[in-house]
Amino acid sequence: MNAGGIPAYRDRYLPAMTPERIAALPDKAWAPVIVATGAIEQHGPHLPVAVDALMGQIWLSLALARLPTGASAYVAPPITIGKSNEHSGFPGTLTISRDILRALLLAVARQVHAWGFHQLAVLNTHGGNSAVLKYTVREIQATFGLRAGLLRPKLDLDVSAQEAAYGFHAGEVETSWIMAAAGSLVRPAVAGCEYPARLGDPGELRPESAPATFAWTTRDLSRTGVMGDATAATAAKGARWLDQGATAYAELIADWCDQGRRAAGVEPGA
């Protein structure tokens, strides 16, 4: 954030614009509007509860600065509180219902459509939002005729197989990201390691990333709220992974621009 609380991507941030400027934007037929959906929820004793909300802004700040010449995108106000009922019971967790999350995203889509934009991309940083976002995106497409979807980069992070499978909350990756981006918010001295399962455990029923999964709350799986190895995190890893992720997001956004141009019949570079 810079002066007045406006993000670093001020020139692309719709709330920082006047109505006249929004009306006059020349690339609304093909430039996507991006809305970040995050969460305010516990991330163990070592991280702030705003990790997911922060990561949406971190990805936008890094990725938008890397867009190639000729690409364009705009940013809607973020939805910072998400569907986090799985983290209830820990201080600091805020949660909204699936219906409220759906209604908020539909409200953004309705106005984006009314302003003359043709594309809405969702940058989601909280897994608990995912199911709601998928069916809401389809509803946005059917209701408003917008091209809508989720920005989902493929990240190949160099973590252990155990961490890749079961380090899905406040573990090595998220802790490293925040160490690199906002290190003063991290308390490494109280970081811990807890896994909900081990790779060698029998059976195929798992909480995440398995042929068969089950519904869970954090209290079922973790004493501290951590699911992963936060003790393995470093700022150097975080910087490397943020760089990789920002490049991947920028490439996705540029691809949205190209597809938007083709759909609108706009020549490249126009």
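Structure first, text after, so check above.
Conventions adopted
Residues numbered from 1 in each chain as written. Predicted model: local features only at pLDDT ≥ 70, side-chain atom pairs only at ≥ 80, totals over all residues. Heavy atoms only, no water. Axes fitted to C-alpha atoms, helices over the stretch in contact; angles between N-to-C directions. Helix = DSSP H or I, 4+ residues; strand = E, 2+ residues; numbered from the N terminus. Left-handed = near helix turned anticlockwise from the far one by under 90°. Contact = heavy atoms within 4.5 Å. Nonpolar A, V, L, I, M, F, W, Y, C, P; charged D, E, K, R; others polar. Parallel < 35°, antiparallel > 145°, perpendicular 65-115°, else oblique. Phe/Tyr/Trp six-rings, centres within 6.5 Å; stacked < 30°, edge-to-face > 60°. Buried < 20%, exposed > 50% of the residue type's maximum accessible area, 1.4 Å probe, protein only. Lys NZ or Arg CZ within 6 Å of the ring centre and 35° of its normal.

**A word on the packing of helix α3 (residues 98-114) against helix α4 (residues 130-144)**
Packing of α3 against α4 brings their axes to within 10 Å, and their N-to-C directions diverge by 35 degrees. Considering the relative orientation of α3 and α4, their crossing is right-handed. Every residue of α4 that contacts α3 at Arg-98, Leu-101, Arg-102, Leu-105, Leu-106, Ala-109, Arg-110 and His-113 is listed here: Val-132, Leu-133, Tyr-135, Thr-136, Glu-139, Ile-140 and Phe-144. A per-class count over the contact of α3 with α4 returns nine nonpolar, two polar and four charged.

**Quick word on the packing of helix α6 (residues 172-182) against helix α8 (residues 235-264)**
Angle between the axes and distance between the axes: these two values describe a pair of packed helices. At their nearest, the axes of α6 and α8 sit 7 Å apart, and the two run at 90 degrees to each other. Compared by their axis directions, α6 and α8 come out roughly perpendicular. In this structure, α6 contributes Glu-172, Val-173, Ser-176, Trp-177, Met-179, Ala-180 and Ala-181 to the contact, and α8 contributes Ala-235, Lys-237, Gly-238, Ala-239, Trp-241 and Leu-242.

**Notes on the packing of aromatic side chains**
For the structure on display, the rule yields five aromatic pairs. An angle of 80 degrees between the planes, with centres 5.8 Å apart, marks the rings of Tyr-9 and Tyr-13 as edge-to-face. For Tyr-9, a relative accessible area of 6% gives the class buried. For the pair Phe-168 and Trp-216, a centre-to-centre distance of 5.7 Å together with 50 degrees between the ring planes defines the contact as tilted. Residue Phe-168 is found in the loop between α5 (161-166) and α6, and its partner Trp-216 is found in the loop between β7 (212-213) and α7 (218-221); the two are separated by 48 residues along the sequence. Taken together, the aromatic side chains of Trp-59, Trp-177 and Tyr-249 make up a single cluster linked through ring pairs. One cation-aromatic arrangement involves Arg-261 over Trp-30; the distance from NZ or CZ to the ring centre is 3.9 Å.

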